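# Structural overview
Here's the letter readout for the chains.
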Amino acid sequence: MELFQLTAHELAEMLKKNEISAEEITRSVFERIHAVEDQVRAYVTVTEEAAYQKARGIDGEKREGKGAGPLAGIPAGLKDNFCTRGVRTTCSSRMLENFVPPYSATVVEKLAAAGAVFTGKLNMDEFAMGSSTETSAFFQTRNPWNLDCVPGGSSGGAAAAVAAGEAVYALGSDTGGSIRQPASFCGIVGLKPTYGLVSRFGLVAFASSLDQIGPLTKDVRDCALVLNAIAGHDPLDSTSVPGPVPDYTSYLASDIKGVKVGVPREFFGEGLDPGVKEVVQAAVNQLAQLGAVVEECSFPHAEYALPCYYIIAPAEASSNLARYDGVRYGFRATPEKGGNYDLLEMYMRTRSEGFGPEVKRRIMLGTYALSSGYYDAYYLKALKLRTLIKQDFNRLFDQFDVVVSPTSPTPPFRFGEKAGNPLVMYLSDVYTIPVNLAGIPALSLPCGFVEGLPVGLQIMAPAFGEGTLLKVAHAFEQSKPYHLARPRLKGEAAEKGLAHAREMSRGGK
Amino acid sequence: MPEYEAVIGLEVHVELRTRSKAFCNCPNVFGSEPNTNVCPICLGLPGVLPVLNQAVLEYAVRTGLALNCEIASFSKFDRKNYFYPDLPKNYQISQYDLPLCRNGYLDLEVNGVRRRIGITRVHMEEDAGKLIHGEGEKADYSLVDTNRSGVPLLEIVTEPDLRSPEEARAFLEKLKAILQYIDVSDCKMEEGSLRCDANISVRPSGTDILNPKTEIKNMNSFRAVYRALGAEMERQCAIWGAGDRVVRETRAWNEAEGTTVAMRTKEEASDYRYFPDPDLVPIVIGRDFVVRIREELPELPEARRQRFIKEYGLPSYDAGVLTSSRPLADFYEACVSAYRDPKTVSNWVMGEFLRLLKVFDLEVTETRLTPSHLVEMLELLKEGTISGKIAKAVFEEMFQTGKRAREIIEAKGLIQISDEEELGRVVDEVLAAHPGVVTDYRNGKEKALAFLVGQVMKATRGKANPQTVNRIIKEKIQ
């Protein structure tokens, strides 16, 4: 195994034993980036020089005998909607193409303090709006498992980078499934934590009441380690919850005897790809094999989650994105041959030229939903539905420890396959969206393959039930290590790639 | 023609004088270089989040209680969405359907008529920045100063209970006094820390018709509010009198012309798309918090006025003037505590002190004259060291220079001459110089005495004790 293929905890162990240096790990990852980035295209900005500097610094500290945490010296990528001081933060939009923030997101500061080596900024759907990373204003990121397929979205660059070994782990953001769905498409672990567990300060807002930051990792233990580093109260975010944060690795177990697992029938009905259904049902059976008590249940308001989300998220987005007006920073439209636009024209041209079609569509939807005369019919009604969805979850969690479903109704799809029809694209997030509306945590982990493409199992828990999620996911992962499969990119030996995956999808180890 | 009365409601914006801004740690000060008191949060840069300054909440509750409002136990912030270059996020954090304070009132007394003016609501919001427009022919630019962005504001909205421009002005004066008493704002209209818009309609006196109203903006002093409302009232009366209808619109006060003028009418009604701000958690206020703030409230102007009447035996008028501002009332009480003649102190504070403040355009807190200055001077006056006439001159010099009374009178030799021997010599000289006048007096011409006293005063440059001089002359002539 090459270093770039290892997990953070494996690399940390080797660092601890002085078998390798942080610089060597960093070199391995950047060599991998140079080798495969032209196929995957995950990065908007690569920060190689700063990464080496940080790695050497960590090595120096180690030589001086300073204790280093489990993430020290480990290369990590950041979705390009996390503000990074001195490093441009584009949100994959023309609007912020040259925006260099004078501050870093709290999660970035926390990881930096934990010794993380940042590799760069990862491609995404523009302002995190999309499910395929096709709405990026710059370029499309490809799925490392099949370069003709999308990596999912909107954290598609982050998921692809981790799956392809271009980062050991990454941070993404999840507003309606943007961590879990690409994690599912790229065959890695993705966690959307409880709303308020991780500070949103410095995350460029899409829909503030739904956005949450979380890790994309190669296995469940890494997921717990990264969550340890980023969770906790932040005085800069009044929605972040005060209180102590547990050590999430303490939940990792292989025994889930007696854990009650609910399987809502509404998540296995119409629209679910038969191949995905089969794989996910096998995964549910596996949980039962491991001693969990699995039972079918009902989520009566499931069908309303999607329309509810597509009112609330665009409403908040229309307001959050109003600040991009060309007045103070970012893109400003200028007339051809000198001349001046008046204020209104400058606003309109800037926003017409600076935003892509999906962002404009959602701004218009949100503006409409909030406007007087429509507020009660749309926004207010959506808020009421949101309450009903929360109540559905509350009822389920009175009965079950976790609830499981497919992460996405389909395997990774081909470029352009859904891009022409927004409504079809929106269905990609049908199973992940209820979680954001309720503010609860959910995790996606690899649970098999359909025609060589990864499938994810979504596990949901009550608020602050991350420990339970990690426990169930870890037990599953130990018994069915699909996470060990690696996609085969050009020039790689077959046994590390697809053939291995095929074998695993038949259930063997 | 019927007699008309006005129906006036006010919307007052008050900048709170907290140390830092509403949602970040930037200093909340006036008059800094443009764009120096700013950070990513008050600039609304991508990704940053507002966090409520607890002092804003405390000031707002204090204000609500002083205005007899109910304090909501559950309140929240909303976003008011509109595009404007001085509004960094293109939405303003404000409060919409659940304001912090509601249903208050303020009692007014104008021309002997006592009336209760309803306060509809008091809510918190952030201020916007300021545009500085280019001047001159080629100045097709505007500059943005964001120092004011995020400064905490209270919006105070009254019921349309005011019936005349006089009442509107009296209300504002009273409101200002209260806000200063509770120390939440400096209320400087010229610095924009107190701003007022007025809604006004007119109707035949005594009816309860609701006619179309106009909203008047751009008034930057209490006098301007008074004049603008008067001018607008007159305009509306003339329209109704001529059988026409007043149009509902926004008008601006033109100070120079003394008239209100229609502002550009908006093409369409504004739609602010209010919705709860998801970045700020709802405000839940416990009873303990409200009780604590209520207990900490200082004595308010009305209560203090009553106390001045009772405790110092002042006339109602004096008590009203002295308690109209907290610094003035504090000044008065500091003097009285050391010189226990309340009416004399009141005469000096209301007379010379207020006169000089006006002449030099100063606030009570900006003068160099302290209560101990006045007390020392009053003592010198009482013991006869200086005359009342000289006292006025001394007071003015103390006011201007900050010197002590004793220092001034010593330097200028102004000490009153009461020494009978010395005065006797001067009287002898005067009598010798004016034998004709002496004769007149002896012949019963009373006025002659005043002339002789005047001559003595002149010879002593006003330092002679007039009573003593009077007596000595009479003794010498008889």
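What this report covers is the structure whose coordinates are included nearby. Position numbers for residues count from 1 along each chain, tracking the sequence in the order it is written. Whichever chain is written first becomes A and whichever ligand is written first becomes 1, with later ones labelled in order. A pLDDT threshold of at least 70 governs which residues receive local features in this predicted model, and a stricter bar of 80 or more applies before side-chain atom pairs are shown or counted, although totals over entire chains, interfaces and linings include all residues. Where side-chain values are given, they derive from all heavy atoms of the structure, hydrogens and water being excluded.

## Some points on the packing of helix α7 (residues 220-230) of chain A against helix α15 (residues 466-479) of chain A
Residue and element names in this part refer to chain A. Put simply, the test is: Axis definition: a line fit to C-alpha positions, over the contact stretch in the case of helices; interaxial angles, taken between N-to-C directions, run 0 to 180 degrees. By the criteria applied, helices consist of DSSP H or I runs no shorter than four residues and strands consist of E runs no shorter than two, each listed in order from the N terminus. These descriptions rest on fixed angle ranges, namely under 35 degrees for roughly parallel, over 145 for roughly antiparallel, 65 to 115 for roughly perpendicular, and the rest for oblique. By convention, the crossing between two helices is left-handed when the near helix turns anticlockwise from the far helix through less than a right angle, and right-handed when the turn is clockwise. A contact between two residues is defined here by any heavy atoms of the two lying within 4.5 Å. Here the term charged refers only to Asp, Glu, Lys and Arg, the term nonpolar to Ala, Val, Leu, Ile, Met, Phe, Trp, Tyr, Cys and Pro, and the term polar to all other amino acids, Gly among them.
Close contact between α7 and α15 brings their axes to 9 Å; oriented N to C, the two are set at 160 degrees. Considering the angle they form, α7 stands roughly antiparallel to α15. Crossing of α7 against α15: the hand is left-handed. Counted together, V220, R221, C223, A224 and L227 of α7 and E466, L470, A473, H474 and E477 of α15 form the full contact between these two elements. Residues belonging to the contact of α7 with α15 are distributed by class as follows: six nonpolar, one polar and three charged.

## Some details on the sheet that holds strand β5 (residues 189-192) of chain A
All names here are of chain A. Threshold: For two strands to count as paired, DSSP must find a minimum of two bridges between them.
Strand order across the open sheet formed by eleven strands is β1-β3-β2-β4-β6-β5-β10-β11-β9-β7-β8, with mixed pairing between neighbours. Each edge of the open sheet carries a strand with a single partner, namely β1 (43-46) and β8 (293-297). When strand polarity is set aside, the average angle formed by the axes of neighbouring strands in this sheet is 30 degrees. Pairing analysis gives three bridges linking β5 to strand β10 (residues 442-450), with the strands arranged antiparallel. By the bridge assignment for β10, K192 is matched with A442. Contacts between helix α2 (residues 22-40) and the sheet are confined to β1, β2 (75-79) and β3 (117-122), with β3 contributing the most and set at about 25 degrees to the helix.

## Comments concerning the packing of aromatic side chains
How two aromatic rings sit relative to each other is set out by the distance from centre to centre and by the angle between their planes. Formally: In summary, the pairing rule links any two rings of Phe, Tyr or Trp, Trp by its six-membered ring, whose centres are within 6.5 Å, and it sorts them by plane angle into stacked for under 30 degrees, edge-to-face for over 60 and tilted for everything else. Over a ring means this: the NZ of a Lys or the CZ of an Arg is within 6 Å of the ring centre and within 35 degrees of the ring normal.
Within the structure shown, the criterion is met by 35 aromatic pairs over all chains. Ring pairing ties together the aromatic residues F99, F127, Y324, Y329 and F355 of chain A, which thus form one cluster. Between R62 of chain B and the ring centre of Y59 of chain B, over which it is positioned, the NZ or CZ distance is 4.7 Å. For the cation-ring pair, R169 of chain B lies above Y226 of chain B, with the distance from its terminal atom to the ring centre recorded as 4.0 Å.

## Concerning the pattern of salt bridges
For side chains bearing opposite charge, pairing can occur when the charged atoms are close. Residues and elements named next belong to chain B. Applied cut-off: We define a salt bridge as a side-chain nitrogen of Lys or Arg found within 4 Å of a carboxyl oxygen belonging to Asp or Glu. Buried residues are those whose accessible area, probed at 1.4 Å on protein chains only, stays under 20% of the maximum for their type, while exposed residues exceed 50% and partly exposed ones sit between those limits.
Counting across every chain of the model gives 53 salt bridges over all chains. Among the ionic pairs, E352 bridges to R355, the shortest N-O distance being 3.0 Å. Placement of the pair is E352 and R355 together in helix α8 (residues 342-360), with a separation of three residues, close to one helical turn. With relative accessibility at 12%, the residue E352 sits in the buried group. Overlapping salt bridges bring together E299, R304, R307, E311, R326, D330 and E333 as one network.

## Side note on the side chain of D145 of chain B
Residues and elements named next belong to chain B. So the rule is basically this: A residue counts as positive if it is Lys or Arg and as negative if it is Asp or Glu; His and the chain ends are not included. As used in this structure description, the phrase polar contact means that two N or O atoms lie within 3.5 Å; if the pair is within protein, one of them must be able to donate a hydrogen and the other to accept it, and residues adjacent in sequence are counted only when both atoms belong to side chains.
By secondary structure assignment, the location of D145 is in strand β9 (residues 142-145). Nearest to the buried, unbridged D145 among oppositely charged side chains is K130, at 4.6 Å. At a separation of 3.0 Å, a polar atom in the side chain of D145 contacts the main-chain amide nitrogen of N35. Those residues in contact with D145 that lie beyond four places of it in its chain are P34, N35, G129, K130 and I132.

## A few points about the environment of V336 of chain B
Residue and element names in this part refer to chain B. Mapped onto the elements, V336 comes out in helix α7 (residues 326-338). Between the alpha carbons of V336 and S346 there is a distance of 8.7 Å; along the sequence they are ten residues apart. V336 has contacts with Y312, P342 and V345, leaving out every residue within four places of it along the chain.

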